[in-house]
Amino acid sequence: MMASASKSDIRSRHTVGTAVLLGGLLGAILGLLAGDLPRRTLTDIWQRSAPRAIGTENVAVVLIDSSSIGEIGSWPWSRYYVARLTGEIARQRPVAIGIDIIFAEPDALSPRVFSSLYPELERATVEELNRLPTADDELASVFGAAPVLLARLGVQGEGTDPAQLMVDPAVQGQPPTGTLRSPQALTSIPQLDDVALAHGFINGPPDEDGVVRRIPLSIMVDDRPMPGMAVELARLAAGAPHLAWQGGAMQLGAMRLPVDDSGSLPLRFGAFPPDAVHSAVDVITGQVPPDAFAGKVVLVGLGAEGAVDIVATPLASETFGVYVQAQAVDAILEGDWLSRPSWTLWLEAAAGLFLLLLVLIAGETRRYRLLGAALLVALAIPLVSWLSFVEANVVFDPIRPVLIGLCGAVALWVTLHALARSERARLAAALVEERVASAEKEGELNAARRIQQGMVPGPEKLADLDPRVGVGAILESARSVGGDFYEAVMIDADRLLFLVGDVTGKGVPAALFMALSKALSASFLSRGGDDLGAAAAALNRDLMTQADEEMGLTMILGTLDCNSGTLALVNAGHENPLVVRADGEVEVLEMVGGPPFCVMDFPYAEESFALLEKDTLVLITDGATEAENDRQTMYGIDGVIAALRDEGDMPAAERATDLAARVRAFEGDTEPSDDLTIFTLRYRGRTS
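This structure is a prediction, so every number in the text was calculated from the model and none was measured. (Residues numbered from 1 in each chain as written. Predicted model: local features only at pLDDT ≥ 70, side-chain atom pairs only at ≥ 80, totals over all residues. Heavy atoms only, no water.)

What follows deals with the packing of aromatic side chains. For the structure on display, the rule yields 12 aromatic pairs. With a centroid separation of 6.2 Å and 45° between ring planes, the pair formed by Y486 and F679 is classed as tilted. Within this pair, whereas Y486 is found in strand 19 (residues 484–490), its partner F679 is found in strand 27 (residues 676–683), the two being separated by 193 residues in sequence. The rings of W75, W77, Y80 and Y81 are connected pair by pair, giving a single aromatic cluster. (Phe/Tyr/Trp six-rings, centres within 6.5 Å; stacked < 30°, edge-to-face > 60°. Helix = DSSP H or I, 4+ residues; strand = E, 2+ residues; numbered from the N terminus.)

The next point concerns empty space enclosed by the protein. Going through the model one piece at a time under the given rule, you end up with two cavities of 30 Å³ or more. A volume near 40 Å³ is recorded for the second largest cavity. Lining the second largest cavity, in full, are R39, L42, T43, W46, S385, F389, V395, F396, D397 and P398. Breaking the lining of the second largest cavity down by element, the ones donating at least two residues are helix 2 (37–49) and helix 13 (369–392). (1 Å grid on protein atoms, 1.4 Å probe; cavity = no way out; pocket = protein on both sides within 12 Å on 5 of 7 lines; lining within 4 Å. Points joined across faces, edges and corners; volume = space filled by probe spheres on them.)

This part covers the pattern of salt bridges. Where side chains of opposite charge bring their charged atoms close, a pairing between them can arise. Applying the stated criterion across every chain, the model contains 28 salt bridges. Across the pair R214 and D207 runs a salt bridge, and its minimum N-O distance is 3.2 Å. Of the charged contacts in the structure, one is a salt bridge between D494 and R468, with a shortest N-O distance of 3.1 Å. Taken as a pair, D494 in the loop between strand 19 and strand 20 (495–503) and R468 in the loop between helix 16 (459–463) and strand 18 (469–476) lie far apart in primary sequence, 26 residues in all. For R468, a relative accessible area of 9% translates into the label buried. Salt bridges sharing partners connect three or more residues here, namely D44, D207, D209, R213, R214 and D260. (Salt bridge = Lys/Arg side-chain N within 4 Å of Asp/Glu carboxyl O. Buried < 20%, exposed > 50% of the residue type's maximum accessible area, 1.4 Å probe, protein only.)

Counting through the fold element by element, C598 comes out in the loop between strand 24 (586–588) and strand 25 (607–610). In this structure the C-alpha to C-alpha distance between C598 and M551, which are 47 residues apart in sequence, comes to 7.4 Å.

Along the chain, I215 falls in strand 7 (residues 214–216). Classification of I215 by relative accessible area gives buried; the value is 5%. Linking I215 and V259, residues 44 residues apart in sequence, is a C-alpha distance of 9.6 Å. Every residue in contact with I215, bar those within four places of it in the chain, is listed here: A230, S264, L265, L267, V324 and A328. (Contact = heavy atoms within 4.5 Å.)

It is worth spelling out the pairing of strand 9 (residues 224–227) at this point. In this structure, strand 8 (residues 218–221) lies alongside strand 9, joined through four bridges in antiparallel fashion. Note that in strand 9 the partner of S218 across the bridge is P227. The hairpin formed by strand 8 and strand 9 contains two residues between the paired strands, and D222 there has a positive phi angle of roughly 60°. (Pairing = 2+ DSSP bridges.)

This part takes up the pairing of strand 15 (residues 297–302). When you tally the buried positions in strand 15, you get six out of six residues, the bulk of the element. Side chains of strand 15 alternate between two faces, with V297, L299 and G301 and V298, V300 and L302 buried alike. By the bridge criterion, six bridges tie strand 1 (residues 59–64) to strand 15 in an arrangement that is parallel. Paired with A60 across the two strands is V298, which belongs to strand 15. Of the pairings in the sheet, the one linking strand 2 (residues 96–99) to strand 15 comprises four bridges and is parallel in character. In the sheet register, I99 faces strand 15, and the bridge partner there is V300.

On to the sheet that holds strand 25, then. Across the sheet, five strands lie side by side as 19-20-21-22-25; this open sheet has antiparallel pairing. At either end of the open sheet lies a strand with only one pairing partner, and these are strand 19 and strand 25. The average undirected angle you get between the axes of adjacent strands in this sheet is 20°. Sheet analysis places strand 22 (residues 566–572) next to strand 25, joined by four bridges and oriented antiparallel. By the bridge assignment for strand 25, L569 is matched with E607. Against the sheet, helix 18 (residues 532–544) contacts strand 20, strand 21 (553–561) and strand 22, and its axis sits at roughly 150° relative to strand 21. (Axes fitted to C-alpha atoms, helices over the stretch in contact; angles between N-to-C directions.)

Of all hydrophobic cores here, the largest spans 52 residues; its most connected members are L496, F498, L560, F597, L617, F679 and L681. For this core, the element with the highest residue contribution is strand 20, accounting for six residues. The contact partners of F679, leaving out residues within four places of it in the chain, are V471, G472, A473, Y486, E487, A488, F498, V500, L617, V618 and L619. Residues V61, L63, F272 and A326 belong to the second largest nonpolar core, which totals 42 residues. (Core = buried A, V, L, I, M, F, W, Y, C linked by side-chain atoms within 4.5 Å.)

Here it is, written out as structure tokens:
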């Protein structure tokens, strides 16, 4: 039986371990299938919770907003006003002016266009008009004299051949393989594009959900790497001679910009300061402070209602694209971007494996307290993610490791539940088979009595439990079979588990329920971990599903730490335990306890006591206290205490036998009214 139980336990542990590992594997697969969406969603939450602080020292924005259009006229404006706007900005000596607008067509209000609208004009007048300088000429003059960067856009067709584009200085090195590619480029008219100091591409496709979270540092136009607007403006501001791809990152002077597989820089967004935003009409009319743009990067873009350059970011569902470029320039100059180093992947994997290991050990060793530790670790991982985001701008994904641990824990719970149901079914089937086989051989009552006596440990087993304790027990049924039982077993190297139970009723029904109760008790309590109260509550709930309405069960159960003598006891409607101290005094351990099992769902609590060297714990059933003589006088708890005092100092086994003999002597010829069980445990001390 012991070998069979050991093999069954090994199989159960193997099943639990396999289930936890498969659950963790499922969690890892789910994390991979979910892709970047969970991480992006959580990072967006961090962005909204802790937006980046943006100052006014590096970047300013000039918006062609609704008030500007209301004063000057609808867009597109005559290049005359764009020239005035650029000239006013340049007068304050900014380090760079980024024009986030593409002038793909000549000025619609040029003299040549005007003359073509009036064919009735005299030829001399037409020739005179055609000789007049155009607004494009004036704008080109302003662009050529100012540090202007003009926007370009990568397109799939109807653009300029990239071989004809001027890129000075060229982007050096080989960009990442996933870099955005376009066969052609949309540029401003050559008259403007050729005189600009620099050029930058404004391509920045959103993620799958339509949200812009990053900006490309360069794009491949045909086979030529060309810079993005934000990084090129940052280069001009930093005075770097060129941009270069090195080892999967972009080198900007002494600054190394980490990128993702697409060659894009993830941004940590913030609220752009209102003091750094100016209306174009205020600039043209000289209503901005004289130092509003000095020494800064200035971006000019559309910001009127109905503008096409509207994007979504983690902080806003609608914002103007020029703000994204401005934030990117500031982030590069401040070194305040988001990054996801390769070590974060290893850390996420290690965190997931550690969680899974805690769950696995808890399931294998039945130390379910470790699940609490796993829960604390699972709660700490998002906190680490938050702190790494806030303090270091590092994106650490907590969802995948937590998902691995969660799936492992769910697999553990499902497996334990299935094993418990299987164990109950096995015990019930084994009990029926044993009863039938015994009844066929020797008759139902004799077989049942033999089963009952065989289910409790005998003197030899009790004597060999541990040298630090002495254990004795007596079980005498009122009939040929009864409902009392006891158990004592070492659950680890230092802890002794023991229990005494008393099933309501007598005879075969009580004996059968006793057998089931004892089997389930041993199963639940040996797997219950360190919390004896929780194990008792779980046992009670399971017994309630098995017992008839007339069945009840009182039980006292506990553990003894053989090193320290510490007792942990739970009392479910049973007689309070007694302790015979080394000096012969008898003490009743008054316990709060709870109701008997099978009555109600109850949160049983563990109560602690201590045994000193040579102290003896005595557990009895009501067969001792309710024993009656021929005068119908009960032996009572006082009789038990008096007998224990009278016994003096003796080993545990002899004390149990002697007390049972005294109870039977008191009854005389009266038929016992109830089963009698006496369990004694003498603590010899840790050095025995």
